[in-house]
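Structural overview
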Amino acid sequence: MSFIEEFNRCDPEDISARIAACGAGDVERALDAEILRPADFLALLSPAAGTCLESMAQKAHRLTQRRFGKTIQLYAPLYLSNECTNSCLYCGFNAANKIARRTLTLDEIEKEARILRKRGFRHVLLLSGEAPQAVDNAFLAAAIRRVRPLFSSIGLEVYPMDEAGYRQMVAAGADSLTVYQETYDRALYAALHPAGRKRDFDWRLGTPDRGGAAGLRTIGIGALLGLGDWRREGFFVGLHARHLARSWWRTRVSVSFPRLRPADGGFAPLQPVSDAALVQLICALRLLLPDAALTLSTRESAVLRDHLLPLGITQLSAGSCTAPGGYGHAADGSEQFAIDDDRDAGQICAMLKTQGYEPVWKDWDGAFRTLQADESGP
Ligand code: SF4
């Protein structure tokens, strides 16, 4: 069953009512469970669990240490283009915003990539808006091939593709895909995406499954926090991640927690998510998904990122710039959003070591893919 079918069987209002109705006993049962059922996950997202954050944090910490040890994998985003035909109201690249638009050439992409490589990064995430006249599959495949010798892992956070498109990206050397649903609330999604191809909720919802079918090694999902009710959004993110882990068993699932940041256009969060809510959400997802990679980007402050680490975070971005060409040149106002943690990679490494963590620059090599393919036989 595709996730769209699974999602359509859920009644969002019923989910909200069940979350609100959970009591202390439900939370206790969820905390005692080895493997969480959806009902347990609902309880951990409920207001009743708000008084059990310490117990949730301790269990999340234990599970993470058991699965991942004290390691944090580092990556950097590389923006290829800020051109976009969509009108997502919360985004600085929104087609209606009057900002300097730019798509890097392959030479410029390589230049940015070499700067990141020199800073130590071996995992890179290539990003762009959705503007077929500027960035299409052929351009992306060429960009991947150009930077492939510099990195052991290349991820994509671009427009949704069909399965054939993702196969083309895998053949070029990409191994991971990040695609946030933004919100799992259909009505809210329609209001926030008034124009452009991104209006198609179902096409976006089915994207991670198409990536899994194409053989991408890691698939990252998430909801943009600050749009809908975080408890219900968190429930659907968990359900979606569990579906992907079961459907594409060779693929590692990763969950991110992007909270809305100031951006051009001045969009204010519709339902702000507090730090305590973010803690509860991270812990609940770790308890539901002990094997998932959990990612925290530079959207969050340095102090908060340092404190959230022990809860189950396994991946951090560092020294990020959200404008195309931003590593080689000073920011020119064309960023997607303002980052909060502006420490460079060296400072992040120093912080990790102080906290007893080992920074991991490279935990995967494309050569393994060939080996795996050989071992799986004819
Ligand atoms: S969120 Fe993505 S698709 Fe939407 S306007 Fe921004 S870059 Fe374009």
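Reference entry: report on the structure contained in this document. Keep in mind it's a predicted model, so treat the numbers as computed, not measured.

Definitions and cut-offs
- Residues numbered from 1 in each chain as written.
- Predicted model: local features only at pLDDT ≥ 70, side-chain atom pairs only at ≥ 80, totals over all residues.
- Heavy atoms only, no water.
- Core = buried A, V, L, I, M, F, W, Y, C linked by side-chain atoms within 4.5 Å.
- Buried < 20%, exposed > 50% of the residue type's maximum accessible area, 1.4 Å probe, protein only.
- Helix = DSSP H or I, 4+ residues; strand = E, 2+ residues; numbered from the N terminus.
- Contact = heavy atoms within 4.5 Å.
- Axes fitted to C-alpha atoms, helices over the stretch in contact; angles between N-to-C directions.
- Parallel < 35°, antiparallel > 145°, perpendicular 65-115°, else oblique.
- Left-handed = near helix turned anticlockwise from the far one by under 90°.
- Nonpolar A, V, L, I, M, F, W, Y, C, P; charged D, E, K, R; others polar.
- Expected span 1.5 Å × (residues − 1).
- Arc of directions from axis to C-beta.
- Pairing = 2+ DSSP bridges.
- Right-handed = clockwise from strand over helix to strand, strands pointing away.

**Side note on the nonpolar core**
In terms of nonpolar packing, the biggest core is built from 108 residues, with Leu-44, Leu-140, Tyr-184, Val-255, Phe-257, Leu-316 and Leu-352 touching the most fellow members. In terms of residues, this core owes the most to one element, helix α13 (residues 275-288), which gives ten residues. Ignoring any residue separated from it by four or fewer positions in sequence, one finds Leu-44 in contact with Val-27, Ala-30, Leu-31, Leu-36, Ala-49, Met-56, Gln-280, Ala-284 and Leu-287. Within the second largest apolar cluster, 17 residues are counted, among which are Tyr-90, Ile-99, Leu-192 and Leu-224.

**A closer look at the packing of helix α2 (residues 12-21) against helix α12 (residues 230-247)**
Two numbers describe how α2 lies on α12: the axes approach to 10 Å, and their chain directions differ by 110 degrees. Regarding the angle of α2 to α12, the classification is roughly perpendicular. Along this stretch, α2 crosses α12, giving a crossing that reads as right-handed. Residues Pro-12, Glu-13, Ile-15, Ser-16 and Ile-19 of α2 touch α12, and the partners they reach there are Arg-231, Arg-232, Phe-235 and Phe-236. By residue class, the composition of the contact of α2 with α12 is five nonpolar, one polar and three charged.

**Details of helix α6 (residues 106-118)**
With 13 residues, α6 extends 18 Å between its outermost C-alpha atoms, agreeing within 8% with the 18 Å of an ideal straight helix rising 1.5 Å per residue. Those residues of α6 that sit buried are Ile-109, Glu-110, Glu-112, Ala-113 and Leu-116. Mapping the buried residues of α6 onto a view down its axis gives an arc of 165 degrees, with all of them on the same face. Set apart from the buried face of α6 by more than 90 degrees, the exposed residues are Asp-107, Lys-111 and Lys-118. Contact partners of the buried residues in α6: β1 (71-79), β2 (123-127) and α7 (137-147). At the C-terminal side of α6, Gly-120 shows a positive phi close to 110 degrees.

**Digging into the pairing of strand β5 (residues 218-221)**
The side-chain alternation of β5 yields two buried faces, one formed by Thr-218 and Gly-220 and the other by Ile-219 and Ile-221. The sheet contact formed by strand β4 (residues 176-178) and β5 spans three bridges and is parallel. By the bridge assignment for β5, Thr-178 is matched with Gly-220. In the sheet, β5 pairs with strand β6 (residues 252-256) via four bridges, with the strands oriented parallel. Residue pairing for β6: Ile-221 is matched across the bridge by Val-255. A crossover connection joins β5 to the parallel β6 through α12; in handedness this β-α-β unit is right-handed.

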